[in-house]
Amino acid sequence: MNPDLPVRCHVVTGKGGTGKTTVAAALALALAAEGRTVLLVECEGRQGIAQLFDTPPLPYEERRVAVTRGGGEVRALAIDVEEALLEYLEMFYNLRRAGRALRKMGAVDFATTIAPGLRDVLITGKVKEAVTRRVDGQRVYDAVVVDAPPTGRITRFLNVTSEMAGLARSGPIKTQSDGVMAVLRSPQTAVHLVTLLEDMPVQETADAIAELADAQLPVGSVIVNMATEPVLPEPELVRAAEGRLTGADLVPGLTAAGLPADADLADALAAETVEHARRWAAQDALRARVEGLGRPTVELPLLPGPMDLGCLFELAGRLEESLGAEVAA
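Described in the following lines is the structure provided in the data block. What you see is a predicted model; the values in this text were computed from it and never measured.

The rules we used
- Residues numbered from 1 in each chain as written.
- Predicted model: local features only at pLDDT ≥ 70, side-chain atom pairs only at ≥ 80, totals over all residues.
- Heavy atoms only, no water.
- Helix = DSSP H or I, 4+ residues; strand = E, 2+ residues; numbered from the N terminus.
- Expected span 1.5 Å × (residues − 1).
- Buried < 20%, exposed > 50% of the residue type's maximum accessible area, 1.4 Å probe, protein only.
- Polar contact = N/O pair within 3.5 Å; in protein donor to acceptor, adjacent residues only side chain to side chain.
- Pairing = 2+ DSSP bridges.
- Axes fitted to C-alpha atoms, helices over the stretch in contact; angles between N-to-C directions.
- Parallel < 35°, antiparallel > 145°, perpendicular 65-115°, else oblique.
- Contact = heavy atoms within 4.5 Å.
- Nonpolar A, V, L, I, M, F, W, Y, C, P; charged D, E, K, R; others polar.
- Arc of directions from axis to C-beta.

Here helix α12 (residues 263-291) spans 42 Å end to end across 29 residues, near enough to the 42 Å set by a 1.5 Å rise per residue. Taken together, the buried positions of α12 are occupied by A266, A270, T273, V274, H276, A277, W280, Q283, L286, R287 and V290. One side-chain oxygen at the N-terminal end of α12 lies 3.0 Å from the backbone nitrogen of D264; it belongs to D262.

Dropping the structure here:
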């Protein structure tokens, strides 16, 4: 293990539908290469990690879900808020038995319903515990990757513990809250944002970066997911996007390929080509907006077929190549 990695808590967020859980899983695999041990944490109870790694639903315990080159491994944890609360009561107040009684009464659900921020406090507290945990003086995990809530509430999620600290002037809650924020606002942490080359995800990414900066939370990389490659050379793409491509232009190519030089077929193919070219031009403009956000950027390709472990390892390899030292950090 390497206890000196500068970034050890990688928080992954993104607008719904951008594939943030997939990116978080791939990042965990990339970080676990060369013999490192990484914990992948799920916060929202959707069991998305279990589905990606094709394992049964994860309980509230850390289980190995993948092995990487060099003997590294990824362990996964799906945080259960009730269990996290019982753990918290036992750790700070020696009240685990009382906590079980509260759960039977439904008091835990009641408390987290009337105080939604309590859930985030418990989850971030568990993340901080995993990041800082040591056994015999050695860190248990080289890195922790958090599949966090979407960009629309990521700042609130990470900053709620700071707000809680402001309500408690002393005692275990104050100490715990200060400890969590010390980790989340330190160089040990980086918040990575996953986006698509579409208007709304890019705008939400820009908004989230500004909010995170205002809250003094460290922003990492922007990861453009499911990026598509152009099917034509750039000059032809520009020509098609400008509408200077017709079915008649495609007839010689159809004839040379031994296909029917049907005018209707040629016109339909030309229309498809123009649509692809204009979509690519729009994506290219959004790519410039992403680069203008001033954060390191990496693109992950749109892979054919369903996402499986092989696809995750392919994406992990792309992350290692593209982010290099930053991912290893």
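Picking up where we left off.
Further remarks concern the environment of E198. Checked against the element boundaries, E198 lands in the loop between β8 (189-195) and α9 (199-214). Residues E198 and R287, 89 residues apart in the sequence, show an inter-C-alpha distance of 9.3 Å.

Moving on, we get to the sheet that holds strand β3 (residues 63-67). If you walk across this open sheet you meet the eight strands as β3-β4-β2-β7-β1-β8-β9-β10, and the pairing is mixed. Strands at the two margins of the open sheet, each flanked by one partner only, are β3 and β10 (297-301). For this sheet, the mean angle separating the axes of adjacent strands, direction not counted, is 25°.

For the rest of this paragraph, the subject is the packing of α9 against α12. The interhelical angle for the contact between α9 and α12, taken along N-to-C directions, is 5°, at an axis separation of 10 Å. If you check the angle between α9 and α12, you find them roughly parallel. Contacts between α9 and α12 pair D199, V202 and Q203 from the former with L286, R289 and V290 from the latter. A breakdown of the residues in the contact of α9 with α12 according to their chemical character gives three nonpolar, one polar and two charged.

Between its first and last C-alpha atoms α9 spans 23 Å; for 16 residues at 1.5 Å apiece the expected length is 22 Å, and the two agree. Of the positions making up α9, those classed as buried are P201, V202, T205, A208, I209 and L212. Buried residues of α9, viewed axially, fall in a sector of 125°; they line one side. In α9, the exposed residues that point more than 90 degrees away from the buried face are D199, M200 and D214. Downstream of α9 by one or two residues, Q216 has phi in the positive range, about 60°.

Coordinates in, geometry out; function isn't part of it.
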